[in-house]
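Residues per chain are reported as follows:
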Amino acid sequence: MHFLGLSLADGVKPRHMLAYLVVAFFSSGYAGALAVLQPGVLQVMGIGYGDQAMVTGMLSAMQEVVLIATMGLVGVWADRAGRPLVYSLGLLLTSAGFSLYPHAATVSELIIYRLLIAFGSAAMIGMMVTVVADYASEKDRGKANGLQGLVATFGAFIPPILGLLPAMFVGNGYSEAAAQQATFAVGGSFGVFAALVAWFGLCKTTGRVLAEDKEPVWDMLKQGLAEVRDPGIALSYGAAFISRGDLAITGAFMGLWLVQWGTGQLGMQPSEAMGSLAVPRVITVVSGAMVGSLLMGYISDRVSRVTAVSMASGLAAAVYLAIFFVSDPTADWVYFLLGLMGIAEISAFVSSQALVGQQAPAARRGAVIGFFGVSGAIGILVGTAGGGWLYRSIGPSAPFVLFGALNLAVFLWSLRVRRIPALQWHADQAGRS
């Protein structure tokens, strides 16, 4: 079977792939929505400027701790119960937490609602990566991940569009607080729709371990973790760390930097700063990601997937280190840098997924990709928690410089892995050079 020029795995029909892409669209929108919308909520709650970065980092860090603790189990659960059930429940939990979020009156309430989002996201994000690995044939794995990256990039337009709604609601007589609540309610409805598509549209059998082949959960976890001995899987975990960290710090701190610059330096209201400063620049990053997803998807099927990781991490290292030279985030030349940032971060995302999909054994793909998700969650934790401290203590560019250095480390690691014959054998088998 084929879909949009992609060769699909056995048992996967075009309608299954179409349903997956619809669900991935909304999943990726949720992945970045809080980064865009949370600064406005913090402003409405009256949290001081000095504490906003620390609260942002703390909430994000808490979410990543939940992901680290649960994503391996989610992967095993998906191998046993099937992808549609896990994906649907994850979307419903995320939707519930998202809808409740702007109703928080205290940071403690924010924590409770963020925990709902965290548990839902563990299932949602894990399945977004696992299902595309299930559905793509090996020879088109790079293009499939590139297509998923493109859809995820379109999904990334959801947060900036939602970011425009508060100003529209305020203009129609809503208070700032009511405008935030209405905006999050609109976003929450997306998760319910996506959960229905996941349940009725995804393949119920592909990727699910047959009853007679099921191992005890603990054994599946141990075996999934033991796969890190494969150099390609180990590198994919490192690439997941940086790629998710890249996405996290861009989302968490670029928007915060711009909203604070607008309200502090230019005297704007929070909704005005979000709409006129943050949203156009987020769209610039997303536009770069649209180009990068297709480009890296194509490249990942033409060169070895380790080489693709090298290219992506090298570009990301250069771009994120360059943020050191940004003193005014609203300067015109920064638009160019943000476009390159979008290309770099999605390229790291696509290449890491293509690599782990190639290397993960089919019988425990959910578990291996679960630990791949754990590595990404650790990257987000380092980026958000450590980045929040660096943002407050050193300056807004510090989190970006940190991940520029970490991308450079993975780039050097990938050059070493490229020399391993087993990885080249995988590339030759897939018809790449």
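Keep in mind that this is a model prediction, so the values were computed, not measured. (Residues numbered from 1 in each chain as written. Predicted model: local features only at pLDDT ≥ 70, side-chain atom pairs only at ≥ 80, totals over all residues. Heavy atoms only, no water.)

Caption draft 1: Layout of the nonpolar core. Tyr20, Tyr87, Leu91, Tyr101 and Tyr135 are the most contacted members of the largest nonpolar core, which has 74 residues in total. Counting residues per element, this core draws most heavily on helix α1 (residues 14-45), which supplies 14 residues. Counting residues in hydrophobic clusters, the runner-up holds 37 residues, among them Ala239, Ile323, Ala344 and Val417. (Core = buried A, V, L, I, M, F, W, Y, C linked by side-chain atoms within 4.5 Å. Buried < 20%, exposed > 50% of the residue type's maximum accessible area, 1.4 Å probe, protein only. Helix = DSSP H or I, 4+ residues; strand = E, 2+ residues; numbered from the N terminus.)

Caption draft 2: Just the packing of aromatic side chains, in detail. Under the criterion given, the structure shown has 13 aromatic pairs. For the ring pair tyrosine 20 and tyrosine 135, a centre distance of 6.3 Å and an interplane angle of 70° mean the geometry is edge-to-face. Taken together, the residues tyrosine 20 in helix α1 and tyrosine 135 in helix α4 (residues 107-135) connect sequence positions 115 residues apart. In terms of burial, tyrosine 20 and tyrosine 135 fall into one category: buried. Note on phenylalanine 25 and phenylalanine 26: the rings are 5.0 Å apart at their centroids and 80° apart in plane angle, and the pair reads as edge-to-face. Through pairs of rings, three or more aromatic residues link up here, namely Phe25, Phe26, Phe190 and Phe193. In this structure, lysine 204 packs its charged tip against the face of tryptophan 199, placed 4.8 Å from the ring centre. (Phe/Tyr/Trp six-rings, centres within 6.5 Å; stacked < 30°, edge-to-face > 60°. Lys NZ or Arg CZ within 6 Å of the ring centre and 35° of its normal.)

Caption draft 3: Examining the packing of helix α9 (residues 231-265) against helix α12 (residues 333-359) more closely. Two numbers describe how α9 lies on α12: the axes approach to 8 Å, and their chain directions differ by 150°. The pairing of α9 with α12 is recorded here as roughly antiparallel in orientation. In the packing of α9 onto α12, the handedness of the crossing is left-handed. Taken together, the residues that form the contact of α9 with α12 break down as 13 nonpolar, seven polar and three charged. (Axes fitted to C-alpha atoms, helices over the stretch in contact; angles between N-to-C directions. Parallel < 35°, antiparallel > 145°, perpendicular 65-115°, else oblique. Left-handed = near helix turned anticlockwise from the far one by under 90°. Nonpolar A, V, L, I, M, F, W, Y, C, P; charged D, E, K, R; others polar.)

Caption draft 4: Structural view of the side chain of glutamine 353. Relative to the helices and strands, glutamine 353 resides in helix α12. At 3.1 Å, the side chain of glutamine 353 forms a polar contact with the side chain of glutamine 148. In this structure, glutamine 353 is in contact with Val129, Val132, Asn145, Gln148, Arg244 and Phe372, ignoring residues within four places of it in sequence. (Polar contact = N/O pair within 3.5 Å; in protein donor to acceptor, adjacent residues only side chain to side chain. Contact = heavy atoms within 4.5 Å.)

Caption draft 5: Quick peek at the packing of helix α2 (residues 49-81) against α9. Between α2 and α9, the shortest axis-to-axis distance is 11 Å and the interhelical angle comes to 170°. In terms of axis orientation, α2 runs roughly antiparallel to α9. Note on element contacts: α9 touches α2 through Ala252, Leu256, Gln260, Thr263 and Gly264, opposite Tyr49, Gln52, Ala53 and Thr56.

Caption draft 6: Main features of the side chain of glutamate 345. By secondary structure assignment, the location of glutamate 345 is in helix α12. Salt bridges are absent for the buried glutamate 345, whose nearest opposite-charge side chain, arginine 244, sits at 11 Å. Within the structure, glutamate 345 has its side chain in polar contact with the side chain of threonine 250 (distance 3.1 Å). Residues within four places of glutamate 345 in sequence aside, it is in contact with Asp246, Leu247, Thr250, Val285 and Tyr320. (Lys, Arg positive; Asp, Glu negative; His and termini not counted. Salt bridge = Lys/Arg side-chain N within 4 Å of Asp/Glu carboxyl O.)

Caption draft 7: A nonpolar patch on the surface, seen in detail. Where nonpolar side chains cluster on the molecular surface, the patch consists of Trp77, Leu85, Leu89, Leu92, Val192, Leu196, Trp199 and Phe200 and spans about 740 Å² of accessible area. When contributions to the nonpolar patch are tallied by element, the ones reaching two or more residues are α3 (83-100) and α7 (176-201). Ranked by residues supplied to the nonpolar patch, first place goes to α7 with four residues. Residue placement: phenylalanine 200 occurs in helix α7. (Patch = residues over 30% accessible without salt bridge, like charges linked within 9 Å, V, L, I, M, F, W, Y side chains within 5 Å. Areas by Shrake-Rupley, 256 points an atom, 1.4 Å probe, with all protein chains shown as cover.)

Caption draft 8: Highlighting the pattern of salt bridges. Enumeration according to the criterion identifies two salt bridges in this entry. Here aspartate 51 makes a salt bridge to arginine 392, at a shortest N to O gap of 3.8 Å. Highlighted residues: aspartate 51 in helix α2 and arginine 392 in helix α13 (residues 365-393), separated in sequence by 341 residues. A salt bridge links aspartate 134 to arginine 83; the nearest nitrogen and oxygen atoms lie 2.7 Å apart. Taken together, the residues span a long stretch of sequence, with aspartate 134 in helix α4 and arginine 83 in helix α3 at a distance of 51 residues. Per residue, the accessibility class of aspartate 134 equals that of arginine 83, and both read buried.

Caption draft 9: How the structure looks around the environment of phenylalanine 154. Of note, phenylalanine 154 is situated in helix α5 (residues 141-155). Sequence separation between phenylalanine 154 and proline 102 is 52 residues, and the spatial gap between their C-alpha atoms is 25 Å. Residues contacting phenylalanine 154, with those up to four places away along its chain left out, are Phe25 and Met290.

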